[in-house]
Amino acid sequence: MEVKGLTALITGGASGLGAGAARVLSAAGVRCALLDRNVELAGEVAAELDGLALGCDVVDGPAVEAALAEVRAQLGTPRIVLNAAGIDVAIRTAGAKGVHPLEEFERVIRVNLTGTFNVARLAAQAMIGEPPLNADGERGVIINIASVVAQDGPVGQVAYAASKAGVQGMTLPMARDLAPFGIRVVTVAPGMFETPLASGIPQSWIDSIIPTVPFPKRWGNPLEFGALVRQICENSMLNGEMIRIDGAIRMGIGRS
Ligand SMILES: NC(=O)c1ccc[n+]([C@@H]2O[C@H](COP(=O)([O-])OP(=O)(O)OC[C@H]3O[C@@H](n4cnc5c(N)ncnc54)[C@H](O)[C@@H]3O)[C@@H](O)[C@H]2O)c1
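These lines cover the structure that appears in this document, whether it is placed above or below.

Here is what the cut-offs are and how they apply
Residues numbered from 1 in each chain as written. Predicted model: local features only at pLDDT ≥ 70, side-chain atom pairs only at ≥ 80, totals over all residues. Helix = DSSP H or I, 4+ residues; strand = E, 2+ residues; numbered from the N terminus. Rg over C-alpha atoms; globule rule 2.2 N^0.38 Å. Buried ≥ 20, exposed ≤ 12 C-beta atoms within 10 Å, placed from the backbone. Expected span 1.5 Å × (residues − 1). Arc of directions from axis to C-beta. Contact = placed C-beta atoms within 7 Å. Bend = angle between axes of the 7 residues up to and from the residue. Near = placed C-beta within 6 Å. Nonpolar A, V, L, I, M, F, W, Y, C, P; charged D, E, K, R; others polar. Pairing = 2+ DSSP bridges. Right-handed = clockwise from strand over helix to strand, strands pointing away.

**What about the overall build of the chain?**
Next up, step 1: Assigned secondary structure in the chain consists of 8 helices and 7 strands.
Next up, step 2: Against the compact-globule benchmark of 18 Å for 256 residues, the chain has a radius of gyration of 18 Å, which places it among compact chains.
Next up, step 3: Overall, the chain is about 55 × 40 × 35 Å in size when its C-alpha atoms are taken along their principal axes.
Next up, step 4: Expressed as a percentage of its 256 residues, the buried residues of the chain come to 41%.

Here it is, written out as structure tokens:
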């Protein structure tokens, strides 16, 4: 799919991986709409990219519908959707520090899994009403973000791992649902990328985990993530799969 001249809707686009992908796509001629609950920060990135910033919580159905309508009116229907809004918590199931609060488990599932589905379903419905873009009959692509933690969850990551395994699990059925309309669905599972979200991880844990990345032994850069997002947009054979981008890291048990 040729990306030049298309519109992308990027949730979590104010920061980290979402902002990195927005920078890469914008440089390739894509108009970027950044949907984030931090509208001030989204505005700063949007100003840099001549894009659009929208303040919105991804779990709020009517608010996402309104934001999508605004994007369609101002930039056209998004043919690229990147679900990069996400949160993390580090709490064990049960133990010396007490039991995992149910509300915290539900909050992570709600933002990372339900929020991703909410934006994907509404954006897909909008794309379905648009004409195909190429001879394959392609109408667009939805890219979701899971994490290597979906497969190798360390201690304290039970809620986050469950949310990201859910994102991985919905990739194939969503791709199959939307295939008749020429809409692809691909999930990316990043390893360790240097973003504000990762800055919440204790330094001692970072110091122990980066040396376990086989190669290259460093943080990933959000622009490297963005380069993969661009390739997923452009390569129409990528569909219904989760791609790890992680320097071959396989996470161990973590802090014991
Ligand atoms: N950084 C990493 O190493 C890494 C690794 C694997 C997966 N991920 C995933 O990548 C995604 C992006 O993470 P990041 O590292 O760029 O984090 P980040 O904190 O830099 O960016 C996340 C953005 O999402 C926004 N957001 C959070 N909840 C929201 C909500 N309910 N509605 C709207 N916006 C919301 C935040 O305001 C923020 O701008 C997340 O899903 C994260 O789990 C990150």
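**Details of helix 3 (residues 61-75)**
Next up, step 1: The first and last C-alpha atoms of helix 3 sit 21 Å apart over 15 residues, in line with the 21 Å expected at 1.5 Å per residue.
Next up, step 2: Every buried residue belonging to helix 3 is among Val-64, Ala-67, Leu-68 and Val-71, and all of these are buried. Viewed end-on, helix 3 has its buried residues packed into an arc of 100°, placing them on one side of the element. Facing away from the buried side of helix 3, by more than 90 degrees, are the exposed residues Pro-62, Ala-69 and Ala-73.
Next up, step 3: Contacts from the buried residues of helix 3 go to strand 1 (7-11), strand 2 (31-36), strand 3 (52-55) and helix 4 (102-128).
Next up, step 4: Of the residues flanking the end of helix 3, it is Gly-76, one or two places downstream, whose phi is positive at about 95°.

**As for helix 6 (residues 158-178)**
Next up, step 1: Here helix 6 is 21 residues long and its end C-alpha atoms lie 30 Å apart, about the 30 Å a rise of 1.5 Å per residue gives.
Next up, step 2: When the local axis directions of helix 6 are compared, the greatest deviation, roughly 35°, occurs at Thr-171, which is followed within four positions by the proline Pro-173.
Next up, step 3: Those residues of helix 6 that are buried lie in contact with helix 4, strand 5 (140-145), helix 5 (149-152) and strand 6 (183-190).

**Thoughts on the site of the ligand**
Next up, step 1: The ligand sits among 30 residues. The nearest are Gly-12, Gly-16, Gly-86, Thr-195 and Leu-197.
Next up, step 2: Broken down by secondary-structure element, the contributors of at least two residues to the shell around the ligand are helix 1 (16-27) and helix 4.
Next up, step 3: Considering only residue class, the shell around the ligand consists of 15 nonpolar, 11 polar and 4 charged.

**Observations regarding the environment of Gly-226**
Next up, step 1: By the element assignment, Gly-226 lies in helix 8 (residues 222-234).
Next up, step 2: Gly-226 sits in the buried class, given 23 other C-beta atoms within 10 Å.
Next up, step 3: Sequence spacing of Gly-226 and Thr-116 is 110 residues, and the spatial spacing of their C-alpha atoms is 18 Å.

**A look at the environment of Thr-195**
Next up, step 1: Examined against the element boundaries, Thr-195 turns out to sit in the loop between strand 6 and helix 7 (203-209).
Next up, step 2: Note on Thr-195: 22 C-beta atoms within 10 Å, which makes it buried.
Next up, step 3: Here the alpha-carbon distance between Thr-195 and Ala-19, two residues 176 residues apart in the chain, equals 9.9 Å.
Next up, step 4: Those residues in contact with Thr-195 that sit more than four places away from it in its chain are Ser-15, Gly-16, Leu-17 and Pro-222.

**Here's the deal with the pairing of strand 1**
Next up, step 1: The element strand 1 is extensively covered by neighbouring structure, given that 5 of its 5 residues are classed as buried.
Next up, step 2: Burial along strand 1 is two-sided: Thr-7, Leu-9 and Thr-11 and Ala-8 and Ile-10, pointing in opposite directions, are all buried.
Next up, step 3: Bridge count between strand 1 and strand 2: 5 bridges; the pairing is parallel. Residue pairing across strands places Ala-8 opposite Cys-32, the latter belonging to strand 2.
Next up, step 4: With respect to chirality, the unit in which strand 1 leads through helix 1 into the neighbouring parallel strand 2 is right-handed.
Next up, step 5: Examined bridge by bridge, strand 1 and strand 4 (residues 80-83) share 4 bridges and lie parallel to one another. Among the inter-strand pairings, Ile-10 is bridged to a residue of strand 4, identified as Leu-82.

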